[in-house]
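# Reading the structure
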Amino acid sequence: MIRPDAQLRSGHIPSELIPPGTNPRKVVIVHTAPRSWTGPVLLVLVATVGLCGLVYVTTVAVLSLIQVAATTAAAIKTAVPTLIGGGGLITLALKVPKKPSK
């Protein structure tokens, strides 16, 4: 028994811990439970996995919305001339402002 607390755990009570006039057979030593790190470690792991899952789901949702918007824009671009009845006379174009010449 190298450590002093190992003596107490095995039931050996040093005489300096017993008050004078006390019957050593009636002395009870109460030990605290050793600290368990399982709870805090699991909490950190669950929080990390949850945060990574949230980032993944958010990224997938945003990319899906962008894909739907691009598909919808392409469908509208091809469908508008047919719907209007121009037969290709009307096209959609993006107007970009010109830079002023120097």
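## Notes on the overall build of the chain
Scanning the chain from N- to C-terminus turns up two helices and zero strands. The buried share of the chain, reckoned over its 102 residues, is 4%. Split by element, the accessible area of the chain, about 9600 Å² in all, is 69% carbon and sulfur.

## Some words on the packing of aromatic side chains
Following the criterion strictly, the structure yields zero aromatic pairs and no others. The positively charged end of Arg35 is found above the aromatic ring belonging to Trp37, 4.5 Å away from the centroid.

## Here we look at a nonpolar patch on the surface
Taken together, the side chains of Trp37, Val41, Leu42 and Leu45 present a nonpolar region at the surface, about 430 Å² in accessible area. Tracing the backbone shows Leu42 in helix α2 (residues 38–84). With a relative accessible area of 47%, Leu42 lands in the partly exposed category.

About the criteria used
Residues numbered from 1 in each chain as written. Predicted model: local features only at pLDDT ≥ 70, side-chain atom pairs only at ≥ 80, totals over all residues. Heavy atoms only, no water. Helix = DSSP H or I, 4+ residues; strand = E, 2+ residues; numbered from the N terminus. Buried < 20%, exposed > 50% of the residue type's maximum accessible area, 1.4 Å probe, protein only. Areas by Shrake-Rupley, 256 points an atom, 1.4 Å probe, with all protein chains shown as cover. Phe/Tyr/Trp six-rings, centres within 6.5 Å; stacked < 30°, edge-to-face > 60°. Lys NZ or Arg CZ within 6 Å of the ring centre and 35° of its normal. Patch = residues over 30% accessible without salt bridge, like charges linked within 9 Å, V, L, I, M, F, W, Y side chains within 5 Å. Salt bridge = Lys/Arg side-chain N within 4 Å of Asp/Glu carboxyl O.

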